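So the chains spell out like this:
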Amino acid sequence: MLRLCVVFIYLLYGVKTDPSETCPAFTALSLRNALIGTELKVKLLLYTRQNPTCAEEIHSTDSKYLNVTKKTTFIIHGYRPTGSAPVWILDLVHLLLSVEDMNVIIVDWNQGATTLIYSYASRKCRRVAEILKKLIDEMLEGQPRVRRCHGHGFVLQALTPRAPCTGGRRRARGWTPRTHSLSMSFTRTPTSCNITTYPCNSYRNYRNGKCTSCEPFWPMPCPILGYYAHEWKSYLTQQSHPVTSMFFDTADKEPFCIYHYLVDIITWNKNTRRGTFSIMLVDEAGRKAESRVNPEAATFQQYNQITLLIGFDQDLETVERISLTFSTGSVIGPKFKLRILQMRFRSLTNPERPPLCRYDLVLRENTQKTFKPIPC
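Draft legend 1. Structural view of the sheet that holds strand E9 (residues 259-267). Read from one edge to the other, the open sheet built from 5 strands follows the order E13-E9-E15-E16-E18, with strand pairing classed as antiparallel. Strands at the two margins of the open sheet, each flanked by one partner only, are strand E13 (305-312) and strand E18 (374-375). With 8 bridges joining them, E9 and E13 adopt antiparallel strand pairing. Residue pairing across strands places His 260 opposite Gly 311, the latter belonging to E13.

Draft legend 2. Structural view of the pattern of salt bridges. Taken as a whole and judged by the stated rule, the model has 9 salt bridges. When the shortest N-O distance is used, the salt bridge between Lys 71 and Glu 100 registers 3.6 Å. Linking Lys 71 in the loop between strand E2 (56-58) and strand E3 (72-76) with Glu 100 in the loop between helix H3 (89-99) and strand E4 (103-109), this pair joins segments that are 29 residues apart in sequence. For Lys 71, a relative accessible area of 1% gives the class buried. Here Arg 346 makes a salt bridge to Asp 264, at a shortest N to O gap of 2.9 Å. Of the two residues, Arg 346 is situated in strand E15 (residues 337-347) and Asp 264 in strand E9; the sequence distance between them amounts to 82 residues. Taking the relative accessible area as the measure of exposure, Arg 346 reaches 30% and is therefore partly exposed.

Draft legend 3. Focus on the environment of Thr 114. Residue placement: Thr 114 occurs in the loop between helix H4 (110-113) and helix H5 (118-122). Judged by its relative accessible area of 0%, Thr 114 is buried. Sequence-wise, Thr 114 and Leu 35 are 79 residues apart; in three dimensions their C-alpha atoms are separated by 8.8 Å. Ignoring any residue separated from it by four or fewer positions in sequence, one finds Thr 114 in contact with Leu 29, Ser 30, Asn 33, Ala 34, Gly 37, Thr 38, Arg 80, Thr 82 and Gly 83. Only 2.9 Å separates the side chain of Thr 114 from the backbone oxygen of Asn 110, close enough to count as a polar contact.

Draft legend 4. A look at the state of the cysteines. Under the defined criterion, the tally for this structure stands at 4 disulfides. Disulfide pairing places Cys 357 opposite Cys 376 at an S-S distance of 1.9 Å. On the sign convention where negative means left-handed, the S-S torsion of about 100° between Cys 357 and Cys 376 marks this disulfide as right-handed. Taken together, the residues span a long stretch of sequence, with Cys 357 in strand E16 (residues 356-364) and Cys 376 in the segment after E18 at a distance of 19 residues. Owing to a relative accessible area of 2%, Cys 357 belongs among the buried residues under this scheme.

Draft legend 5. Seen up close, the packing of aromatic side chains. One pass over the structure, following the stated rule, counts 10 aromatic pairs. Ring geometry for Tyr 261 versus Phe 345: centroids 6.5 Å apart, planes at 75°, classification edge-to-face. Here Phe 345 lies in strand E15 and Tyr 261 lies in strand E9, a separation of 84 residues in the sequence. Using a relative accessible area of 8% as the deciding quantity, one classes Tyr 261 as buried. A relative accessible area of 2% means that Phe 345 is categorised as buried. An aromatic cluster is present here, built from Tyr 198, Tyr 203, Tyr 206 and Phe 247 joined pairwise through their rings. Lying over the aromatic face of Trp 268, Arg 339 brings its terminal NZ or CZ to 5.8 Å of the ring centre.

Draft legend 6. Layout of the nonpolar core. Core analysis: the biggest nonpolar cluster contains 26 residues, and Ile 265, Phe 277, Ile 279, Leu 281, Leu 324 and Phe 345 have the highest contact counts within it. Elements represented by at least two residues in this core include exactly E9, strand E10 (273-282), strand E12 (298-300), E13, strand E14 (321-327), E15 and E16. Grouped together as the second largest cluster of nonpolar side chains are 20 residues, Val 42, Ile 105, Leu 132 and Ile 136 included.

Draft legend 7. Expanded view of the side chain of Ser 291. The topology assignment puts Ser 291 in the loop between strand E11 (288-290) and E12. From its side chain, Ser 291 meets the backbone nitrogen of Ile 279 in a polar contact 2.9 Å long. Those residues in contact with Ser 291 that lie beyond four places of it in its chain are Phe 277, Ser 278, Ile 279, Ile 310, Gly 311 and Phe 312.

Draft legend 8. Focus on the pairing of E16. One ladder, built from 8 bridges, connects E15 with E16; its direction is antiparallel. Bridging across to E16, Lys 337 finds its partner in Arg 364. The pairing of E16 with E18 spans 2 bridges and is antiparallel. Note that in E18 the partner of Leu 356 across the bridge is Pro 375.

Each value, and the rule that gives it
- Residues numbered from 1 in each chain as written.
- Predicted model: local features only at pLDDT ≥ 70, side-chain atom pairs only at ≥ 80, totals over all residues.
- Heavy atoms only, no water.
- Pairing = 2+ DSSP bridges.
- Helix = DSSP H or I, 4+ residues; strand = E, 2+ residues; numbered from the N terminus.
- Salt bridge = Lys/Arg side-chain N within 4 Å of Asp/Glu carboxyl O.
- Buried < 20%, exposed > 50% of the residue type's maximum accessible area, 1.4 Å probe, protein only.
- Contact = heavy atoms within 4.5 Å.
- Polar contact = N/O pair within 3.5 Å; in protein donor to acceptor, adjacent residues only side chain to side chain.
- Disulfide = S-S within 2.5 Å.
- Phe/Tyr/Trp six-rings, centres within 6.5 Å; stacked < 30°, edge-to-face > 60°.
- Lys NZ or Arg CZ within 6 Å of the ring centre and 35° of its normal.
- Core = buried A, V, L, I, M, F, W, Y, C linked by side-chain atoms within 4.5 Å.

See below:
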C-alpha cells in the first residue's frame, strides 16, 4: 500500500506543469470591466513560423524568436466596449505567417481600450504609441536598415510613427497623424479573390462607372486593397494631390469580395425615368449571383446611354440567364415601365470575357423580368 502511494505521488509531481511554459494569451475582459473602466496595460505577443500557435510575450528585442532582420508586422486592435478578445486576431496571425516568414506582434492593449466611454480609450493611444516606439527604436539599434515594418489594425491615426522602419532616420522621433513611412492599412490578407479599389473624385461618379480605368496607375492595374497595397505606393506619392480618394465595395460574408460589371443602358421612354435595378445572374448549374442594390437612383433619358457599376456577390464564369427588377422607390402612385433599347453587360473583374447583350426589353416596375442574354 505504501509503495502504491509513493508511485501515485511521483506521478502527480511528474505531470506538474511549469507556469512559465504556458502560452501567453490575449487579455480577455468582460462588460463589468467596461463599466468600471480599465487602466492601460500593454502586452506584446510575438508569433513567428517557429512559434505559430504559442505566443512569446516580449518586452524588448531580447527574445527567443524575434528576428529583427525579417519583416515585422504589428496588429493593433481598437476600442473594445465589451472587453472581449477580437475573434479575428489569431486567424489574421496565421494568414500573415502563411504568406511570409516574418515577425507578427499583437499589440494587446485591451486593458485600456475596454471602457464604455470612447474618449477614455482614445486618450491612451499616445501611451501605446510610446511603448511601440521604444521597441521599434531598439529594433533599429545596430541595424543599417530594418527590412520592412507594417501595421495592421483599426483606429490607428494616433499610432502612426514618423519614419521608424523604412530607412531614412535611424530612430523614431515622434508620432504624427500622417506619414508615408510606415505602411498602415486596414487589414486584408490574400485569399481566393482581391478587393479592387478605384480612384475617383466622388462617390457618385464611382457608382456611375466613371472611374474604372485607373489611368493614374498605368501600366499597373487598379490598386488592390490590403496586404499588397504597398506595390502602388510609388504611384501614390508621385500624385500632385496630397490625398487620393479610393472607393470599393465589399460583400457581407467572407471573403467579402465583390465582382463588378459595367452595365450600359439605352432607353427609349419619351419621358425621363429615375430608378434603381436589382439584378440576378444565373449560370448553367443554377448558381445565382445577386447584385448589391445601388442606393442612388439613376436617370434614364430617351436615347442617352448611361453606365452603371453593378457589384455581385459571386463570380459566374458563364451566364445563362439574367433577371432584372426596376424600381422607382415609390410606394404610391402609378407603376411605370422602363423601355430598354439596348442593355450590355461587361465584366470589369474579368475584362477578357465577352460582353453580353439584350435588345428591346420592357420592364414593368417592381416586376422581375428574366431573359437569356446573347453575345453582343
